[in-house]
Amino acid sequence: MFVSKNLDVNENGNLTIGGFDTVELAKKYGTPLYVMDEDMIRSHCRSFKESIDKFYGGNGLVCYASKVFSCKEIYRLVASEGLGVDVVSGGELYTAIAAGTDPKKICMHGNNKTIDELKMALEYGVGRIVADNIYEMKSIDKLCAETGKKADILLRIKPGVDAHTHNFIRTGQIDSKFGFALETGEAFEAVKFALECTNLNFVGIHCHIGSQILDTQGFEAAAEVMLVFIKKIRDELNAEVRDLNLGGGFGIQYTEADDPLPYEAFMEAVSLIVHKFCKENDMPLPFIIIEPGRSIAGPAGVTLYTVGGKKIIPNIRTYVSIDGGMCDNPRYILYQSEYDAVVANKASEPKNTVVTIAGKCCESGDLIGENMPLQECEPGDILAVCATGAYNYSMSSNYNRLLKPAVVFIKGGESRVVVRRETLEDIIRNDI
Ligand code: LLP
């Protein structure tokens, strides 16, 4: 009935998340409100970690891709589950360190890391820097020379496999701003260059083929391509590749149309390729890193709003306005992403209307979705948008000087604020 397993309806007909009444949560904390189910996040962390144990004998690391949802508490949470993290900016790195993340378990990404960000990464001693281009390698090498450090680096490779929701193609990937292309020989030259840099430890290669992927073929194809490259590096450069980082991208259910695989299915399919290739080519199994993001946090979240006005335009559409919108969830305006919505205080009623959910920004495209089936709703009702745990809070903005909502975690019958709601004072904090 609901897109996430942690959603249900209670005896009052209200939507619950992890057993919590969402209408009560809205009353207690106000709206808009992000609610995240801690138990579900933990169970997703475990499922990926157990897959590494099961399919690679524990020879690997799950790095939570923190761009999907970043605040101090999530870094603490994933660390307590034994995960590392992927960060892509000084801001994410700073937050991770402030939350006590072990720097050795941090993987630093970014296609244009600034010198200051690289300095930060080296000062904190992050375990892995994923180099995106030659210019960056030169900068890291120089910074290391100045400070007497040696950096463990991976190279970001474009494997020529571009996976989108339901398909994948193996050409045309030279045109991406991320990483080194294999087809042109650029990646091979980059490895040679890395091996020549005296202050760089070339430890591995990385790829990430896309996001919200609902089948295994793209991952299998990418793993194969990466393994062939590892073999080439061994055969032609006599260099060992310790780490194989296969990125993230595992899809989740947003609407009834999505039919995601259990996470273990992705892990198993890829591990079969890895084991077979290594055996056939007499290669040691690389240390496997994966970077799931959406699949860890996405299904664990809902966003609660209060319904304001309703605008019925005969024969055209009905707009239902809410007290949030593109500022807290810009995924519709950016990608026309679809969501499932529920009137939280009427969750047991049938969805017998079809509406457009409109945000409150001065922007016609500020919608949560169009043609969305929904229960009949009235001003004052609580609207829940499901599976918003990933790429919502982290992509929120203050456009129109709207305040960012609070984030509440629920667990074991308790709810607590992990990110406070912004105040008007916060909005003018940096204004001179
Ligand atoms: N690793 C790397 C290097 C990535 O670039 C990403 C996502 C991930 C891991 C995590 O991928 P996930 O498991 O979450 O699919 N804002 C877009 C998605 C952008 C994905 C960026 N990279 C959205 O809202 O759909």
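All of these numbers come straight from a predicted model, not from anything done at the bench.

S.K.: Tell me what's going on with the overall build of the chain, and back it up with residues and numbers.
M.R.: When its secondary structure is counted, the chain shows 12 helices and 23 strands. At 23 Å, the chain has a C-alpha radius of gyration in line with the 22 Å of a compact globule built from 432 residues. Along the three orthogonal principal directions, the C-alpha set of the chain runs to about 70 × 50 × 40 Å. Counting only residues that meet the buried cut, the chain has 57% of its 432 residues in that class. In the chain, the proportion of contacts linking residues at least 24 apart, taken out of those at least 6 apart, comes to 69%. Here the chain carries 45 positive and 59 negative side-chain charges, and the mean point of each set is 4 Å from the other.

S.K.: How would you summarise the pattern of salt bridges if you had to cite specific residues and measurements?
M.R.: As enumerated under the stated definition, the model contains 25 salt bridges in all. With a shortest N-O distance of 2.8 Å, D243 and R242 are connected by a salt bridge. Classification of D243 as buried rests on a relative accessible area of 0%. Assessed through its relative accessible area of 34%, R242 is described here as partly exposed. If you follow the salt bridges from partner to partner, you end up with E38, R42, R46, E73, R76, E81 and R416 in one network.

S.K.: Could you give an account of the pairing of strand β19 (residues 353-358), naming the residues involved and the relevant values?
M.R.: The buried fraction of β19 amounts to 5 of the 6 residues, a majority that puts the element mostly inside the structure. Note that strand β17 (residues 317-322) and β19 share 3 bridges and pair parallel. Across the sheet, the residue bridging to V320 is I357, located in β19. The pairing of β19 with strand β20 (residues 367-374) spans 5 bridges and is classified as antiparallel. Across the sheet, the residue bridging to V354 is P373, located in β20.

S.K.: Account for helix α5 (residues 115-124), with residues named and values stated.
M.R.: Looking at α5, one finds that the buried residues are E117, L118, M120, A121 and L122. Contacts made by the buried residues of α5 are with α4 (90-98), β7 (106-108), β8 (128-131), α6 (134-147) and β9 (151-158). Downstream of α5 by one or two residues, G125 has phi in the positive range, about 75°.

S.K.: Which residues make up the site of the ligand, and what values go with them?
M.R.: Contacts to the ligand come from 19 residues, most closely from S211, E291, R331, Y335 and Y391. In the environment of the ligand, an oxygen atom lies 2.9 Å from a nitrogen or oxygen atom belonging to the backbone of G293. Isolated, the ligand exposes 590 Å² of accessible area, and the fraction of that covered by the protein chains is 86%. Among the residues forming the shell around the ligand, the class breakdown is 6 nonpolar, 7 polar and 6 charged.

S.K.: Which residues make up the packing of aromatic side chains, and what values go with them?
M.R.: Per the stated rule, a full pass over the model turns up 9 aromatic pairs. These aromatic residues form a ring-pair network of at least three members: F48, F219, F250, Y263 and F266. K232 extends its terminal NZ or CZ atom over the ring of F188, reaching a point 4.3 Å from the ring centre.

S.K.: If you had to explain the nonpolar core to someone new, which residues and values would you point to?
M.R.: Judged by nonpolar contacts, the single largest core of 133 residues is most densely connected at Y64, F69, I74, I153, L155 and L383. The biggest single contributor to this core is helix α8 (residues 217-237), with 10 residues. Apart from the residues lying within four places of it in its own chain, the contact partners of I153 are I129, A131, M137, I140, A194, L200, N201, F202, V203 and G204. Counting 8 residues, the second-largest nonpolar core is a separate cluster that includes L61, C63, V130 and V203.

S.K.: Just give me the short version of helix α2 (residues 38-56), but keep the residues and values in it.
M.R.: A rise of 1.5 Å per residue sets the reference length of α2, with its 19 residues, at 27 Å; its end C-alpha atoms lie 27 Å apart and thus fit the reference within 8%. For α2, the complete set of buried residues consists of E38, M40, I41, R42, H44, C45, F48, S51, I52, F55 and Y56. N-cap assignment for α2: the residue whose side-chain oxygen lies 3.1 Å from the backbone N of D39 is D37. Immediately downstream of α2, the backbone of G57 shows phi near 60°, a positive value.

S.K.: I'd love a proper account of unusual backbone geometry, names of residues and values included.
M.R.: Here T31 and P32 are connected by a cis peptide whose omega angle stands at -10°. Within the secondary structure, P32 sits in the loop between α1 (22-29) and β4 (33-37). Of note in this structure, N238 is not a glycine but carries a positive phi near 55°. On the secondary structure map, N238 appears in the loop between α8 and β14 (243-245). Positioned with a positive phi, Y391 is a non-glycine residue whose angle comes to about 55°. On the secondary structure map, Y391 appears in the loop between β21 (382-386) and β22 (406-411).

S.K.: Pulling in residues and values, what's your account of the packing of α2 against helix α3 (residues 72-80)?
M.R.: Relative orientation of the contacting elements α2 and α3 amounts to 45°, with a least axis distance of 10 Å. Comparing the axis directions of α2 and α3 gives the class oblique. Here the hand of the crossing between α2 and α3 comes out right-handed. Contacts from E38, I41, R42 and C45 of α2 reach α3 at I74, L77, V78 and S80.

S.K.: Could you give an account of the pairing of β8, naming the residues involved and the relevant values?
M.R.: Burial along β8 is two-sided: R128 and V130 facing one way and I129 and A131 facing the other are all buried. The pairing of β7 with β8 spans 2 bridges and is classified as parallel. Looking at the pairing, C107 lines up with R128 of β8. Taken together, β7, α5 and β8 form a β-α-β motif whose crossover is right-handed. One ladder, built from 3 bridges, connects β8 with β9; its direction is parallel. In the sheet register, V130 faces β9, and the bridge partner there is L154. With α6 bridging β8 and its parallel neighbour β9, the resulting β-α-β unit is right-handed.

The rules behind the values
- Residues numbered from 1 in each chain as written.
- Predicted model: local features only at pLDDT ≥ 70, side-chain atom pairs only at ≥ 80, totals over all residues.
- Heavy atoms only, no water.
- Helix = DSSP H or I, 4+ residues; strand = E, 2+ residues; numbered from the N terminus.
- Rg over C-alpha atoms; globule rule 2.2 N^0.38 Å.
- Buried < 20%, exposed > 50% of the residue type's maximum accessible area, 1.4 Å probe, protein only.
- Contact = heavy atoms within 4.5 Å.
- Lys, Arg positive; Asp, Glu negative; His and termini not counted.
- Charge placed at Lys NZ, Arg CZ, Asp CG, Glu CD.
- Salt bridge = Lys/Arg side-chain N within 4 Å of Asp/Glu carboxyl O.
- Pairing = 2+ DSSP bridges.
- Near = heavy atom within 4 Å.
- Polar contact = N/O pair within 3.5 Å; in protein donor to acceptor, adjacent residues only side chain to side chain.
- Areas by Shrake-Rupley, 256 points an atom, 1.4 Å probe, with all protein chains shown as cover.
- Nonpolar A, V, L, I, M, F, W, Y, C, P; charged D, E, K, R; others polar.
- Phe/Tyr/Trp six-rings, centres within 6.5 Å; stacked < 30°, edge-to-face > 60°.
- Lys NZ or Arg CZ within 6 Å of the ring centre and 35° of its normal.
- Core = buried A, V, L, I, M, F, W, Y, C linked by side-chain atoms within 4.5 Å.
- Expected span 1.5 Å × (residues − 1).
- Axes fitted to C-alpha atoms, helices over the stretch in contact; angles between N-to-C directions.
- Parallel < 35°, antiparallel > 145°, perpendicular 65-115°, else oblique.
- Left-handed = near helix turned anticlockwise from the far one by under 90°.
- Right-handed = clockwise from strand over helix to strand, strands pointing away.

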